[in-house]
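What follows is the residue order along each chain.
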Amino acid sequence: MFPRRPPVGLAAWLLVGAAATGRAGARGGGLLALLANQCRFVTGLRVRRAQQIAQLYGRLYSESSRRILLGRLWRRLRGRPGHASALMAALAGVFAWDEERIQEEELQRSIDEMKRLEEMSSTFRSSGVDHHPPEPKSPTERDEDSGGKEQPWEMVMDKKHFKLWRRPITGTPLYQYRVFGTYTDVTPRQFFNVQLDTEYRKKWDALVIKLEVIERDVVSGSEVLHWVTHFPYPMYSRDYVYVRRYSVDEENNVMVLVSRAVEHPSVPESPEFVRVRSYESQMVIRPHKSFDENGFDYLLTYSDNPQTVFPRYCVSWMVSSGMPDFLEKLHMATLKAKNMEIKVKDYISSKPLEVGSEAKATAPSSERKSEGSCGPARIEYA
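Scope of this entry: the structure provided in the associated data block. A quick note: this is a predicted structure, and the numbers were derived from the prediction, not measured. Counting starts from 1 at the beginning of each chain's written sequence and moves along it residue by residue. Owing to the predicted nature of the model, reporting of local features is limited to residues with pLDDT of at least 70; listing and counting of side-chain atom pairs is limited to 80 or more, with chain, interface and lining totals taken over all residues. Hydrogens and water molecules were not included; the side-chain quantities draw on all heavy atoms of the structure.

## Description of the layout of surface pockets
Cavities and pockets are found on a 1 Å grid laid over the protein atoms alone: a cavity is a set of points where a 1.4 Å probe fits but cannot escape, a pocket is an open set with protein on both sides within 12 Å along at least five of seven lines, and a lining residue has an atom within 4 Å of such a point. Grid points are joined across faces, edges and corners, and a volume is the space filled by probe spheres set on the points. Taken as a whole, the largest pocket spans an internal volume of roughly 1,000 Å³. Lining of the largest pocket is provided by 42 residues; of these, R201, W227, Y302, G322 and F326 occupy positions nearest its centre. The helix count covers DSSP runs of H or I at least four residues long, the strand count covers runs of E at least two residues long, and both are numbered beginning at the N terminus. Of all the secondary structure elements, the ones that give two or more residues to the lining of the largest pocket are helix 8 (188–196), helix 9 (198–204), strand 5 (223–229), strand 6 (238–249), strand 7 (254–261), strand 9 (279–287), strand 10 (296–304) and helix 10 (312–339). All amino acids are sorted into three groups, where Ala, Val, Leu, Ile, Met, Phe, Trp, Tyr, Cys and Pro are nonpolar, Asp, Glu, Lys and Arg are charged, and the leftover types, Gly among them, are polar. Residue classes in the lining of the largest pocket are distributed as 26 nonpolar, nine polar and seven charged.

Written out as structure tokens, the structure is:
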């Protein structure tokens, strides 16, 4: 009989490792421990190397130049394996305003939707139909409908001064919601300011755990906020990181506020809350007369993914009932501020910022730092 040949290659390596693991059981060693130590060693080397690079650039470049350089590097690396973008962002504290700021086109799209709805409403009223029409569709939406991509709006609630629609979001189990409503006992300026004032909201909204401005962009007036809110028991609290921008167009007598979820390097995900990564909101306000006279119509379009395990109809019920409740709280807070003369920041009359270079546009600010700043003279921002 020939002597038995020892195993070779990967099989031999595994057998030797298994034998070593068995012998070192009492000492807590073994193959898995060696692999874990190696991973920690390599990760530590890479982190230290990244810190050294950041320190080197910190000595060679000014703060503004460093932000621009690292911002470009972040955008280039974002989405690649290894999460290099997250690492660079965490080290440099850079937010990619060039990609994430809310553009004029986004504001204008919301205003155009309000105009189409108003035109349809006027048509129905002139024909003697005392019922609010279904949501009109833009040319883009009509093209998408022809391809079977968009679902029609479904009426959920129909009251005299409050109408709520919803429609499925293609490819998801979620809905997009749209509200058209009217208030006659407060001014558009008061309602708009109360909605924007984060300090006052902490007082009238009992669900708020945290709400603060993280960073502002002086180029567009966009700002990033971190919002933590209670969810109904037994669900965990949710937190949102989102960018918002508002515009007040006195010439065309309209206000608009647009918000959507973003990622910001200074607000990492916390194990205490569930991060909501899909969130969009557009509010358009049309005064009946002027910004300082009672009476206005508003159009609110909203969608988010609250990351729940409840069935679709449960989530839809929570949103459908929660949205009217929130709007009524906002309305009552506006009335309270009006009647009790509670001081609320006036975003419409704030002094405009001197718009500087792109480097200045990325400078972060605290909640109240330069809060009196806005954008260009006719259309103001916060």
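## Some thoughts on the pairing of strand 6
Here's how the labels work: a residue is buried when its accessible area is under 20% of the maximum for its type, exposed when over 50%, partly exposed in between, all with a 1.4 Å probe on protein chains only. Along strand 6, 12 of the 12 residues are buried, which leaves the element largely enclosed by surrounding structure. Of the two faces of strand 6, the one holding R238, Y240, Y242, R244, Y246 and V248 and the one holding D239, V241, V243, R245, S247 and D249 are both buried throughout. At least two DSSP bridges between two strands are required for those strands to pair. Sheet topology note: the strand 5/strand 6 ladder contains seven bridges and is antiparallel. Paired with V224 across the two strands is V243, which belongs to strand 6. Where strand 6 and strand 7 come together, eight bridges link them in antiparallel fashion. Opposite V248, over in strand 7, you have M255 as the bridge partner.

## Here we look at unusual backbone geometry
With an omega dihedral of 10°, the bond running from Y233 to P234 counts as a cis peptide bond. Mapping P234 onto the fold places it in the loop between strand 5 and strand 6. The phi angle at N253 is positive, at roughly 60°, despite the residue not being glycine. For N253, the position within the fold is in the loop between strand 6 and strand 7.

## A short note on helix 8
The element helix 8 is extensively covered by neighbouring structure, given that eight of its nine residues are classed as buried. Burial in helix 8 covers these residues: P188, R189, F191, F192, N193, V194, Q195 and L196.

## Points about empty space enclosed by the protein
For the structure shown, the criterion picks out two cavities of 30 Å³ or more. Estimated volume of the largest cavity: approximately 60 Å³. Taken together, 11 residues form the lining of the largest cavity, with L174, Y175, Y177, V315 and V319 sitting closest to its centre. Sorting the residues of the lining of the largest cavity by element identifies strand 3 (175–183), strand 10 and helix 10 as the ones contributing at least two each. Here the lining of the largest cavity takes four residues from helix 10, the largest share from any one element.

## Some remarks on the environment of V194
Mapped onto the elements of the fold, V194 is located in helix 8. Expressed as a C-alpha distance, the spacing of V194 and W204, which sit 10 residues apart in the sequence, is 9.8 Å. The contact criterion used throughout is that any non-hydrogen atoms of two residues lie within 4.5 Å. Leave out the neighbours within four places in its chain, and V194 touches Y200, W204, L330, A333, T334, A337 and V344.

## Quick look at the pattern of salt bridges
By definition, a salt bridge exists where a carboxyl oxygen of Asp or Glu is found within 4 Å of a side-chain nitrogen of Lys or Arg. A complete count under the given rule lists 21 salt bridges for this structure. A salt bridge links D217 to R101, with the nearest nitrogen and oxygen atoms 2.7 Å apart. With D217 in the loop between strand 4 (208–216) and strand 5 and R101 in the loop between helix 5 (97–100) and helix 6 (104–126), the pair connects residues that are 116 residues apart, well separated along the chain. The exposure classification of D217 matches that of R101, with both residues buried. Taking the shortest distance from any N to any O, the salt bridge between E199 and K202 comes out at 3.1 Å. Taken as a pair, E199 and K202 lie in helix 9 at a separation of three residues, close to a single helical turn.

## What to know about the packing of aromatic side chains
To pair, rings of Phe, Tyr and Trp, with the six-membered ring standing in for Trp, must have centres within 6.5 Å; the planes then decide the type, stacked if under 30 degrees apart, edge-to-face if over 60, and tilted in the middle. Evaluated as defined, the whole model comprises 15 aromatic pairs. When the centroid spacing of 5.6 Å and the interplanar angle of 15° are considered together, the rings of Y183 and Y298 count as stacked. Pair noted here: Y183 is in strand 3 and Y298 is in strand 10, with a separation of 115 residues, a long-range link. Neither Y183 nor Y298 differs from the other in exposure class; each is buried. When the ring of Y279 is compared with that of Y302, the centres are 5.7 Å apart and the planes differ by 70°; the resulting orientation is edge-to-face. Of the two residues, Y279 is situated in strand 9 and Y302 in strand 10; the sequence distance between them amounts to 23 residues. On the accessibility criterion, Y279 (9% relative accessible area) is buried. Among the aromatic residues, those joined into a cluster by ring pairs are W227, Y240, Y242, Y279 and Y302. When the ring centre of F231 is taken as reference, the NZ or CZ atom of R238 above it lies at 4.9 Å. Positioned over the ring face of Y347 is K345, at 3.9 Å from the centre of the ring. When the NZ atom of lysine or the CZ atom of arginine is within 6 Å of a ring's centre and also within 35 degrees of its normal, the charge is said to sit over that ring.

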